[in-house]
Each structure stands twice: as C-alpha cells, then as structure tokens.
Amino acid sequence: MFASFSGIFKLHYIYNIASVFTSNELFLYTCLHKPWALLTTRTNRSTCPALPSLVFREHCGRQMAAVITEDNVYSEAEVNGAPPVGGDDQVQLPGPEGNIQGQVEEFLGPHPDYDEEEEERKYYRRKRLGVVKNVVGASCGGMIIYSVYMGLLQMQLILHYDETYREVKYGTLGLEDIDNKMLMGINVTPIVGLLYTPVLIRFLGTKWMMFLASGIYALFVSTNYWERYYTLVPSAVAIGVVIVPLWASLGNYITRMAQQYYEYVNYKDEHVQEQKKPPKGAFHSYIIIFQSVFYIFFHLSFVFAEFPMVLFLNNYLNDYNHTLFKVTQCGAGGKGVIENFNKTVLRTLPRSLLLIEVESVLMGAAFLAMLIFLGLCGAAYRPTEEIDLRSIGWGNIFQLPFKHLRDYRLRLLCPFFIYSGFEVLFAVQGLVLSYGVCSVGMEKLWLLVMVYGLSSSICSGLALTLLRLPRPVILLVGAFVHFVLIITLMCWSPHPRTPNYLPYLLVLSALWGMGTAFNKTGLSTLLGMLYEDKERLDFVYTIYHWCQAIAIFIVYLWSALPMRAKLGLLLFALIVASFCYVQMERRLAKRIPFRLPRIPRPRHKVKGYRYLEEENSDESDTDLSDADDDEKEEDERMLVEEDKNTDADSQGSPGPERSGVRDRRRRHDNAAYEQAGEREDYVQHMRD
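Residues numbered from 1 in each chain as written. Predicted model: local features only at pLDDT ≥ 70, side-chain atom pairs only at ≥ 80, totals over all residues. Heavy atoms only, no water.

Secondary structure assignment for the protein yields 28 helices and 0 strands. For the protein, buried positions account for 47% of its 688 residues. Pairs at least 24 residues apart make up 86% of the contacts formed inside the protein by residues separated by at least 6 positions. Summing over all exposed atoms, the protein offers an accessible surface of approximately 34300 Å²; the carbon and sulfur share of this is 61%. (Helix = DSSP H or I, 4+ residues; strand = E, 2+ residues; numbered from the N terminus. Buried < 20%, exposed > 50% of the residue type's maximum accessible area, 1.4 Å probe, protein only. Contact = heavy atoms within 4.5 Å. Areas by Shrake-Rupley, 256 points an atom, 1.4 Å probe, with all protein chains shown as cover.)

Shown next, in the form of structure tokens:
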C-alpha cells in the first residue's frame, strides 16, 4: 500500500512539473524514459516561499536540462557502447534545437494571437449590452407592477361598490368604508414622502429601493385574499409610503444608466479615463433615448391593467341602461364623478374560487416584477459610492431635497410637477369616468383606458424628436394639446346612455394620452438634461414626485366639486406651469447663475483599506478667505493648547469648548465645500 501511495505521489509531482513545460519535447522524453531522475533533482519550493514564480520556473528549467543531458549520456552508452578513452564525443540533445530559457519565456509571454484593443472593445460592448438590459429590466418591472396594482385596484373598487356583493359576501363588514380609508392611505401618505425618501435611499440604495417597493405592491395584492380592515388599510398605507421613493429611484436609475452608457461608448476619451467632467450636453442623447424607452414600456401598464376587466369582470356587468338609469348629467354639467350612478353594477356575482384564481395570476405577475428588479437590474453605483452615501450624516441627507430647492430651475418647474399629477388623475377620474362611462356605460371602460394607454405609449416614442428639436418643444406642445382639450371639455356635456358618442370619446382619450406622454417623458428628460453632471439625481426626482403626490392629494379632496370647477383649476395650473417653465428657459438663456448644493463629503471612520486613501481632491484651502484661514488657525491653536493642558480628554469625552471648536470647523468645511461646488458649476455654466 505504501508503494502505491508513493507511485501516486510521483505521478502527481511529474504532472505538476509537466504543466509548466508542456511545450518542451525534451521534458516529455525524459518523463517517458526515466521519470525517477526528476524526483532526484527536484527543488523543494516550500523551503523558499518568497521565490517568485518566474525565477522558480527558470531554476526548474536548468535542472531539467541537466537531467535530460544525463539521461542522453546513459542512452548513448547503452546503445553504442562506451566511448573511446580521450574521445571528444559530444552529447546531442534529441528534438528541436534552441535555448530552454527562450522557450520558457515564450511560453510565459503573451499569446501571439492576443489583440488587446479587440478584447477591450468586446469588454465595453458587453458593458453596453448590460446597460441596455438594465434599462429594459427596470422598464418592464415598473410596467408589470403598475399593471397589477391598477388592475387589481379597479376590479376591487367595482366589486366593493356593488351593494349585492357587499351584503352577500361580507354582510355588515363595511367594505365601502374600508375602501374610503384605503384610498385615503394611498393618497394622503405620500405627502410626507419628502421627509423619509432621502433616508430610505441612503439606507437601501437605488436598486434595493426599487426591489423593496415592488415587494410592497406584491404585499398589497396578497391582502386581497383576506379582505379585512386590518389587511387592506395597512397595505394601502404601505403603498402610499413607497410611491415617492419608488419613482425617485426609477427616475434616477434610468438617468444613471444613460451616464454609464456614454462612458462605455466613449471609453477612449481622456475625460472618461481620468474621470473628469464630460462636455456640456454629452449625456443628452442617451438620456432622451432611455427615458423614452422607459415611458414607452410604462404607459403600456394602462393596457395590461384592463386584462382582468376584459377577461373576467366584464362578463358580470350590467349594461348601460341599468347602471345609468338615474343619471341625468354628464361631463361639464355634472358634479362629482357620476351623480346617481346605480348601486348594483353586477348582473351576477362571480364565484369566490374564480376570484382567487384571478388574484393568484396577479400575485404571480407581482412576483415576476420583483424577480426582474432583483435579477435583471444591475447596480446603479459601485459599492464604494454607496458606502460614501451611507457615510453621510442623517441630518445632511434629510436636508438635501430642501437645499436643492435653492436652485431657481427646480423652483420654477414645481408648478409643472403639480400639473403633471393633476392631469394623469383627471384622465382616469374625470375624462374616462365623468365623460366616458357616464355616456357609454361601464362595459366600455376598458376600451377607453386601453386607448389612452396605447396613445401614451406610442407618443412617448415621439419624445425622440428632442434629438433634433429644441428642448422646450415637447413640453409646450403637450401643454398646448391639453389646453385645447380642457377648453373643449368645458364646453361639452355628453348625454347619458348615448353609445353613439364612443368614437368622439376615444379620440379625446387618445389626444389626452398624447399630452400625458409629452408631459411625463418631457419632464423626466428635462431633469436629466439640467442635472446631467450630478452623479445622484435621487433628491431631484424626489422633489418631482413629491409635488405629484401633493397634486394627487388635492385631486382626492376635490372629487366632489362640479366638473367645471375642476376643469378651471386644471386650466389655471396649466397656465401657471407653462409661464414658469418659459421663465426658467429665459433665465437660462440669459446665463443667470443658479445655486446647486453638492452632496456633503463623506466622513469615514478609519477602518479598512477603503478609507486609507488620500484626502478628497475637491477639498481646497485656496477657496478660503484670509479671515477664514485665521479662524481655522485659531481653532487649531485652541485644540493644541487644550491637548497640552489636560489629559482627561484622552480618557473621557471632550469638553464643551473643544466640541464647539470642532463643530465650527465641521460647519466651516461643509460650507466651503458647497460654495466651491457652486462656484465650479457656475464657471462651467458660463463657459458653456
């Protein structure tokens, strides 16, 4: 047994040496004829662990040459006999001539067919394909999760509205009251989104925020298996909590992918290799394309949200003669949503098992969206960049959205953000219900919403015209379309129970969808273009979608107003938004400077290799005035004196004077850092 183990050990050692000298035919010859010679002359590398690999291989090469020479001498003696005394016979090595050292260097050197430039090109092509995969994944994930959410919410509200369904299924449970509280949770909770969204993004990051939000939407779907107050209302409040963080993360993610795609396309440029600021407008084309692709996918959610209505619920609805029997006013002459709408909209009640099957399909789609966010969407930032964000204090992160409002560009866009929330809610609640369903009945609801979604999706692709047209065109064209439609709707009141109005209503839905597409795609693209040089746009998109949440809450409050009052408020918001946007473009044309705070410098604890780097190059003492230098020197002198006069500080907590000096220095450094960033942005803006 010992002999067998010894033989295995010898073969294993021979294989290890052969892996180094596979190109040497002489070594193979020695292995075949006299393998034990290798073991008698081997080098024990364990006695010299610091020996470099190349030197070790060269040393082995010289020993192999000695072994081969010795073996050849023995072979010659055995075949030809002993050489004559005093003979000058020289041993000839079999195989190709050449230096073993040169063969080793040739083996260890680069492959002759290796093309470094071609491999680099293939590497960045894979990177670009990865970015495209991320954009498509985020777009499909957002589309699926909102298709599930809107489709389930619509089906739930219709079923719970029917009196017969409530009495037979749930008795005195009070589903109508539960629905009102559920809608309140969805519409009211996002108002405080500006306070916690930066903290969630700081803690989770962009990708994981999208994944967590999709999980909350899946939780909302799961609560419909057991419809009770303690399941539906908390899940609705949770959805209201994650609406603003989800949309802020999606907007920032798409813009970040555009920046990465530009870097992977222009990887040979000097400013990309040295990680300097790109030229003004370098990201614009990619931002326009990626935002257009995202909204092309997302607006299809209005189409897929109607599948439960078409395939399931539409078979149980009464016709328009029954549901609109007591309705007398529609459109501009109406009040609320639909006055005197019949309380029984279902012809027969759907079976509970069939409802569970539909909800299970929606639940599976929600899980699919979660898997898409988790598997297909790559990280938006490197791990060190996420660590830098998490190392910033909670107070600074909390203040960042408010500090961004110091920029007049963002302040002047806030009215447009609010109008964006108004118009999309009015399209669903006002145009589709008060005009469409009030005229042609509930059974045509799916058709009106599908036309609106298809029009929005197709017209989102028209945003690609920004590659050739000026920036304000798409927003102003969308505003003009909505202006004409609002005036038309204020003057038109369709009659109830009139299916002949269906073609006109479909045209109105398609035109309103076109205005919505220009509005949504234009605003997201505009924010990406205005703040293209910022690596993190989470806080900018937080302000955008928080303003939309405020608008949604206002629409929730005005649901009982007359239709003309709603249209008047909508028209006023549109005029103010357009005027403020034109003023912003005029200020930019005049090169009026704007204030834009930077993200505060990360303050790392000195732990790990990541934080043993040099100081941040953005920190410069040349930007400080003489008075600031004197104040800084005075603070340092006070700290030195305190260290000399007391030894207690090293054992316990610092005194109040020492803490005050450190606080002043910290505030001073942060202010200098932000001012330097503002001056740099301003100089860059003036140069461009």
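There's more to say after this.
So, about the state of the cysteines. Scanning all chains against the criterion turns up 1 disulfide. The disulfide partner of Cys330 is Cys438, and the gap between their sulfur atoms is 1.8 Å. Negative torsions about the S-S bond denote left-handed disulfides, and the value of about -75 degrees found for Cys330 with Cys438 makes this one left-handed. Separated by 108 residues along the polypeptide, Cys330 in the loop between α16 (320–323) and α17 (352–375) and Cys438 in helix α20 (residues 408–440) bring together distant segments of the chain. The two residues Cys330 and Cys438 agree in class, both being buried. Among the cysteines around Cys547, which has no disulfide bond, Cys414 carries the closest sulfur, lying 4.0 Å off. The closest cysteine sulfur to the non-disulfide-bonded Cys580 is located on Cys414, 9.4 Å from its own sulfur. (Disulfide = S-S within 2.5 Å.)

This brings us to the packing of helix α11 (residues 229–265) against helix α13 (residues 284–298). Where α11 meets α13, the closest approach of the two axes is 9 Å, and the angle between their N-to-C directions is 140 degrees. Of the possible angle classes, the one that applies to α11 and α13 is oblique. By crossing handedness, the relation of α11 to α13 is classed as right-handed. Of α13, the residues touching α11 (which contributes Trp247, Leu250, Gly251, Ile254, Thr255, Met257, Ala258, Tyr261, Tyr262 and Val265) are Tyr286, Ile287, Phe290, Gln291, Phe294, Tyr295 and Phe298. Residue composition of the contact of α11 with α13, grouped by class: 14 nonpolar, 3 polar and no charged. (Axes fitted to C-alpha atoms, helices over the stretch in contact; angles between N-to-C directions. Parallel < 35°, antiparallel > 145°, perpendicular 65-115°, else oblique. Left-handed = near helix turned anticlockwise from the far one by under 90°. Nonpolar A, V, L, I, M, F, W, Y, C, P; charged D, E, K, R; others polar.)

Moving on: the packing of helix α21 (residues 445–460) against helix α23 (residues 502–530). The interhelical angle for the contact between α21 and α23, taken along N-to-C directions, is 40 degrees, at an axis separation of 7 Å. Compared by their axis directions, α21 and α23 come out oblique. Pair α21 / α23 crosses with right-handed handedness. For the pair α21 and α23, contact is made by Leu447, Leu448, Val451, Tyr452, Ser455, Ser456, Cys459 and Ser460 and by Leu502, Leu505, Leu506, Ser509, Ala510, Trp512, Gly513, Met514, Thr516, Ala517, Phe518 and Thr521, respectively. Here the residues of the contact of α21 with α23 are counted per class, giving 13 nonpolar, 7 polar and no charged.

We now examine the packing of aromatic side chains. In total, this model carries 31 aromatic pairs according to the counting rule given. Pairing Tyr149 with Tyr217 gives two aromatic rings, centres 5.2 Å apart and planes at 85 degrees, and the pair type is edge-to-face. Here Tyr217 lies in helix α10 (residues 206–222) and Tyr149 lies in helix α6 (residues 116–161), a separation of 68 residues in the sequence. Classification of Tyr149 as buried rests on a relative accessible area of 10%. Taken together through their ring pairs, the aromatic side chains of Tyr146, Tyr149, Tyr217, Phe220, Trp247, Phe294, Tyr295 and Phe298 make up a single cluster. The aromatic ring of Tyr531 is capped on one face by Arg409, whose charged end is 4.5 Å from the ring centroid. Over the ring of Tyr408 we find Arg587; its NZ or CZ atom is 5.3 Å from the centre of that ring. (Phe/Tyr/Trp six-rings, centres within 6.5 Å; stacked < 30°, edge-to-face > 60°. Lys NZ or Arg CZ within 6 Å of the ring centre and 35° of its normal.)

This part covers the pattern of salt bridges. Under the defined criterion, the tally for this structure stands at 5 salt bridges. Between Glu117 and Lys268 there is a salt bridge, with the nearest N and O atoms lying 3.3 Å from each other. Note that Glu117 is positioned in helix α6 and Lys268 in the loop between α11 and α12 (270–273), a separation of 151 residues in sequence. A relative accessible area of 49% means that Lys268 is categorised as partly exposed. For Arg409, the salt bridge identified is with Asp407, shortest N-O distance 2.9 Å. Take Arg409: its relative accessible area is 2%, and that puts it in the buried class. For Asp407, a relative accessible area of 0% translates into the label buried. (Salt bridge = Lys/Arg side-chain N within 4 Å of Asp/Glu carboxyl O.)

Grouped together as the largest cluster of nonpolar side chains are 153 residues, with contacts concentrated most on Tyr146, Tyr217, Phe417, Trp512 and Leu527. Leave out the neighbours within four places in its chain, and Tyr217 touches Ile145, Tyr146, Tyr149, Ile239, Val242, Ile243 and Leu246. (Core = buried A, V, L, I, M, F, W, Y, C linked by side-chain atoms within 4.5 Å.)

Once that is clear, we can look at the environment of Ser360. Following the sequence through the fold, Ser360 ends up in helix α17. Take Ser360: its relative accessible area is 33%, and that puts it in the partly exposed class.

Let us now look at unusual backbone geometry. Positive phi, close to 60 degrees, is recorded for Asn340, a residue that is not glycine. Take Asn340: it is sitting in the loop between α16 and α17. One non-glycine residue, Arg497, adopts positive backbone phi at about 55 degrees. Along the chain, the position of Arg497 falls in the loop between α22 (472–490) and α23.

Within the secondary structure, Glu585 is located in helix α25 (residues 563–589). Taking the relative accessible area as the measure of exposure, Glu585 reaches 15% and is therefore buried. Dropping the residues within four chain positions of it, Glu585 is found in contact with Arg471, Pro472 and Leu526.

This paragraph deals with a nonpolar patch on the surface. A grouping of Tyr225, Trp226, Tyr230, Leu353 and Ile356 is seen on the molecular surface, where their side chains present a nonpolar patch of about 560 Å² in accessible area. If you trace the backbone, Tyr225 turns up in the loop between α10 and α11. (Patch = residues over 30% accessible without salt bridge, like charges linked within 9 Å, V, L, I, M, F, W, Y side chains within 5 Å.)

Next up on the list: the side chain of Lys207. For Lys207, the location among the structural elements is in helix α10. When neighbours within four sequence positions are excluded, Lys207 is seen to be in contact with Phe373, Leu374, Cys377, Gly378 and Ala379.

A few words now on a negative patch on the surface. Where like charges cluster on the molecular surface, the negative patch consists of Asp115, Glu116, Glu119 and Glu120. For Glu116, the location among the structural elements is in helix α6. When its relative accessible area of 60% is taken as the criterion, Glu116 is described as exposed. (Lys, Arg positive; Asp, Glu negative; His and termini not counted. Charge placed at Lys NZ, Arg CZ, Asp CG, Glu CD.)

Note on placement: Glu306 falls in the loop between α14 (301–304) and α15 (307–311). Look at Glu306 and you get buried, because its relative accessible area is 2%. Distance from Glu306 to Val148, taken between C-alpha atoms, is 9.6 Å for residues 158 residues apart in sequence. When sequence neighbours within four positions are dropped, the list of residues in contact with Glu306 reads Gln154, Trp446, Val449 and Met450.

Quick look at the environment of Leu195 now. Tracing the sequence through the fold places Leu195 in helix α9 (residues 193–204). For the pair Leu195 and Pro401, spaced 206 residues apart in sequence, the C-alpha separation works out to 8.8 Å. Those residues within four positions of Leu195 in sequence are excluded, and the remaining contacts are Phe398 and Phe402.

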